[in-house]
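Each chain, written out:
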Amino acid sequence: MSADVLAVAEHRRGDLRDVSFELVTAGRELADATGGDLHVAVISGDVDGFAEELSLDGVDVVHTVDYGEEFNHDVYVQAVEALYDEVDPTAVVMPNSVNGLDYAPAVAERLALPLVTDAVGFEWDGALTATREMYGSKVETTVEVESERVAVTIRGGEWPAEETHDGAEVRAFDFEPDEDAIRSTVTGFEEVGAGDVDISEAEVLVSVGRGIEEEENIELVQRLADALGATLSSSRPIVDNGWLPKNRQVGQSGKVVTPKVYIAVGISGAVQHVAGMKGAETIVAINTDPNAPIFDIADYGIVGDLFEVVPELIEEFGGE
Amino acid sequence: MKVLVTVKEVAEVEDDFEIDGTGVDDRYLEYDLNEWDDYAVEEAVQLQEAGDDIEVVSVTIGPERAEETIRMALAKGVDRAIRVWDDALDQDLLDTATKARVFRAVVEEEEPDLILTGVQAGDDAFGATGVALAESVGQEWAAVVNQLDIDHLLAENVARVHRELEGGVEELTDVELPAVLTIQTGINEPRYASLRGIRQAQSKEIAPKTLADLGLEAGDVESSLFLTEMYEPESESDATLFEGSAEETAAELASVLREKGVGAE
Ligand SMILES: Cc1cc2nc3c(=O)[nH]c(=O)nc-3n(C[C@H](O)[C@H](O)[C@H](O)COP(=O)(O)OP(=O)(O)OC[C@H]3O[C@@H](n4cnc5c(N)ncnc54)[C@H](O)[C@@H]3O)c2cc1C
Ligand SMILES: Nc1ncnc2c1ncn2[C@@H]1O[C@H](COP(=O)(O)O)[C@@H](O)[C@H]1O
């Protein structure tokens, strides 16, 4: 076993995704601790172009796997397995993205590696100790891995992106997949959430979450939005319930918004929600739970019952 | 056709809570069916309603207390349930590989054509069990499924799914059965259990199984991950919190908002 670290980059429809550059930072951090090299794998798509972009400070070798265009988990699992045999790393680092969730657990299982997902920090002391959250970010935990080797997925946005270019060695990896074992077929992509309103254009968003309890109460928050001249958006459960259309959803699988003011009403601030709104200039939260993670990123907050506070606010702004 | 649905009873912490060692003090925990599994159960029941002769079995790894939650799945239309428990499973943190090993033993006994899990468990949120299980039993899979063409599945034995990627993009994928799908919220509208369903659930079977029943030993379920600390995250917040009555706090917030030009004509 080497002390090296293998990080697997992510791309979609021709572009490397942000998390790839964060993986370089995280992977380098780990490789410094293990005392090894950082190997980055880029699988499918324009691998040569990607390899150039990934020749970053801290990267020792970029391995290109030129097979197929888009992500296919059967290809990824086989390619990572083959690279693992080649590099013999102590840790495999992957993104905790939707595609990461689609292949990292299979990689870990196939290689018999313990798996830590959604790490927000880690340390190395002969073995990995990772920091992760539980209960919708209400508590943090440290998890010790009892193994010299490990597979870990990292949360996006937790490590800074490495952007400094430096010449890394690029190696074309000789990869012949077992085509019979490629049993899933990606047939295309679909954009969802188009519609009349584009919440990412709004200057002021009033966003409603599960704290609203009932569909008919949405109207209360709509009235606040009207009184403020704001646009109404929401967290995911509101859309899941069919109370608002998909184009109103803020977050990882909805829209990323950067309004001047974002007012979160009855939203807990789960990581996938925060991914979509942490770039707002001013964040306001109204929530009954003083421990709700939304208050960690808020600039202004009221710990209180939205059913009492919102009507007062509407009145303040002369709404109906 | 047989559909196996994994269902987990998850703990939710109340607004105010205390941590005791490496866990939240039991007094501040409420237990419920994992949100994602509720959608998985609904999808399985809809499949059953659309086809002929489809059995839906749910399985959980959990203590006796979890039976209440499993009954909820039975009341919504699941035919029978299996509950695996053993002293050896009573660990702070069961890692993904351990759960996959246990479920694999169940899969080998039940031989389902389709396995549905949730995308993630709401409490420890590994988001990994379904895909690890698929690999472990040598089946295909798709993670984060928010659309499944039930007619196509019944006619062709292929799961034609949408995988919900980031940023409002969905990937369209065909997956050959047998397969594991991890189900995302919003894929359907989970039903409420009817009174009749609740009554019927009382007489449905929840088969308890130990490791030995599944041909496993304590040594097979030794987790490689250990929870060593739990704490409330240090708030990095420098939020200005307004305190007082609704009227007072709303007035204070209103003046901040006005300063920012919100609501100004
Ligand atoms: C792959 C994946 C993708 C996801 N994508 C997204 C996404 O794009 N967007 C998204 O939002 N989520 C997303 N989620 C879901 C996310 O994990 C959370 O489940 C969701 O954000 C929770 O929404 P919420 O805050 O409205 O509900 P909850 O977490 O249930 O919070 C409700 C809040 O309301 C408060 N409250 C209750 N009553 C009142 C009251 N009377 N007055 C004031 N406050 C009250 C509560 O204290 C609580 O904090 C995704 C999850 C996964 C696994
Ligand atoms: N103890 C358990 N009992 C039953 N199902 C579980 C258990 N743990 C995980 N699962 C299933 O696996 C899914 C993903 O869980 P996780 O990988 O732990 O986030 C959940 O939605 C459940 O369907």
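The shown structure was predicted, so the numbers you read here are calculated from the model rather than taken from an experiment.

### Remarks on helix α4 (residues 129-137) of chain B
Burial runs high along α4(B): 8 of the 9 residues are buried. Taken together, the buried positions of α4(B) are Thr129(B), Gly130(B), Val131(B), Ala132(B), Leu133(B), Ala134(B), Glu135(B) and Ser136(B). Contacts from the buried residues of α4(B) go to α4 (98-111) of chain A together with α3 (96-110), β8 (114-118), β9 (140-148) and β12 (179-183) of chain B. Just past α4(B), the residue Gly138(B) takes up positive phi, approximately 70°.

### Structural notes on α4(A)
All names here are of chain A. Under the 1.5 Å per step criterion, the end-to-end length of α4 is 21 Å for 14 residues, consistent within 8% with the ideal 20 Å. Counted residue by residue, α4 has 12 buried out of 14 residues, so it is predominantly covered. Among all positions of α4, only Val98, Asn99, Gly100, Leu101, Asp102, Tyr103, Ala104, Pro105, Ala106, Val107, Ala108 and Leu111 are buried. Downstream of α4 by a residue or two, Ala112 has a phi angle that is positive, lying close to 55°.

### Re the site of ligand 2
Residues and elements named next belong to chain B. Ligand 2 sits among 21 residues. The nearest are Thr6, Asp37, Ala121, Gly127 and Thr129. Note that an oxygen atom of ligand 2 is positioned 2.9 Å from one of the backbone N or O atoms of Ala128. Protein chains shield 98% of the accessible area of ligand 2, which is 480 Å² for the free molecule. Looking at the shell around ligand 2, the elements that each hand over two or more residues are β6 (55-61), α3 and β8. Per-element accounting of the shell around ligand 2 gives the leading share, 3 residues, to β6. A breakdown of the residues in the shell around ligand 2 according to their chemical character gives 9 nonpolar, 8 polar and 4 charged.

### What to know about the UniProt feature "domain: Electron transfer flavoprotein alpha/beta-subunit N-terminal" (unreviewed entry) in chain B
Under the feature "domain: Electron transfer flavoprotein alpha/beta-subunit N-terminal" (unreviewed entry), the UniProt entry names residues 21-218 of chain B. What you have in residues 21-218 of chain B is 32% helix and 29% strand, and the ends, taken at the C-alpha atoms, are 25 Å apart.

### Quick look at the packing of helix α5 (residues 218-228) of chain A against helix α9 (residues 306-316) of chain A
Residue and element names in this part refer to chain A. Relative to each other, α5 and α9 sit at 30°, their axes nearing to 9 Å. Taken together, the axes of α5 and α9 are roughly parallel relative to one another. Seen from above, α5 lies across α9 with left-handed handedness. Taking contact as the criterion, the partners of Leu220, Arg223, Leu224 and Ala227 in α5 are, on α9, Leu306, Phe307, Val310, Pro311, Leu313 and Ile314.

### Topic: the sheet that holds strand β6 (residues 91-95) of chain A
The pairing of strands in a sheet comes from backbone hydrogen bonds and takes either a parallel or an antiparallel form. Residues and elements named next belong to chain A. Strand order in the open sheet formed by 7 strands is β7-β11-β6-β1-β4-β5-β12, and the pairing between neighbours is parallel. With partners counted over all chains shown, the strands left at the sheet margins are β7 (115-119) and β12 (169-172), one partner each. Between one strand axis and the next, the sheet turns through 20° on average, direction left out of account. Pairing of strand β1 (residues 5-8) with β6 involves 3 bridges; the strand directions are parallel. If you follow Leu6 over to β6, its bridge partner there is Val92.

### A few points about the interface of chain B and chain A
With 83 residues of chain B in contact, the opposing surface of chain A contributes 81 residues. For the pair chain B and chain A, the summed buried area comes to about 7200 Å², and 54% of that belongs to carbon and sulfur atoms. Linking Glu166(B) and Arg12(A) is a salt bridge whose minimum nitrogen-to-oxygen distance equals 2.6 Å. Summed over the shared surface of chain B and chain A, the number is 38 residue pairs in polar contact (both at pLDDT 80 or more).

The rules behind these values
- Within each chain, residues carry numbers counting from 1 in the order of the written sequence.
- For naming, the first written chain is A and the first written ligand is 1, with later ones following in the order written.
- For a predicted model such as this one, the threshold for reporting local features is a pLDDT of at least 70, and the threshold for listing and counting side-chain atom pairs is 80 or more; totals across whole chains, interfaces and linings nevertheless cover every residue.
- Derived side-chain values reflect all non-hydrogen atoms in the structure, with water molecules and hydrogen atoms excluded from consideration.
- Buried residues are those whose accessible area, probed at 1.4 Å on protein chains only, stays under 20% of the maximum for their type, while exposed residues exceed 50% and partly exposed ones sit between those limits.
- A helix here means a DSSP run of H or I that spans at least four residues, while a strand means a run of E at least two residues long, and both kinds are numbered starting from the N terminus.
- Between two residues, a contact is recorded if the distance between any of their heavy atoms is within 4.5 Å.
- What a helix is expected to span follows from its residue count: subtract one and scale by 1.5 Å.
- Throughout this document, a residue counts as near a molecule or strand when at least one of its heavy atoms sits within 4 Å of that molecule or strand.
- Whenever a nitrogen or oxygen atom comes within 3.5 Å of another N or O atom, the pair is scored as a polar contact, on the condition that within protein one atom can donate a hydrogen and the other can accept it, and that pairs from neighbouring residues in sequence are kept only if both atoms are in side chains.
- Methods summary: accessible areas were calculated by the Shrake-Rupley approach with a probe of 1.4 Å, and residue burial reflects only the protein chains presented.
- Just so you know the grouping, Ala, Val, Leu, Ile, Met, Phe, Trp, Tyr, Cys and Pro go in nonpolar, Asp, Glu, Lys and Arg go in charged, and all remaining residues, Gly too, go in polar.
- UniProt positions are given in the numbering used here, feature names are shortened, and annotations may be inferred rather than shown by experiment.
- Angles shown run from 0 to 180 degrees and are taken between the N-to-C directions of axes, each axis being a line fitted to C-alpha atoms and, for helices, limited to the stretch in contact.
- Angles below 35 degrees are treated as roughly parallel, those above 145 as roughly antiparallel, those between 65 and 115 as roughly perpendicular, and all remaining angles as oblique.
- Definitions for this section: a left-handed crossing has its near helix turned counterclockwise from the far helix by less than a right angle. A right-handed crossing has that turn clockwise.
- Think of it this way: DSSP has to see at least two bridges between two strands before they count as a pair.
- Defined here as a combined quantity, buried area equals the accessible surface (1.4 Å probe) lost by two parts on assembly, summed across both.
- Put simply, a salt bridge is a Lys or Arg side-chain nitrogen that is within 4 Å of an Asp or Glu carboxyl oxygen.

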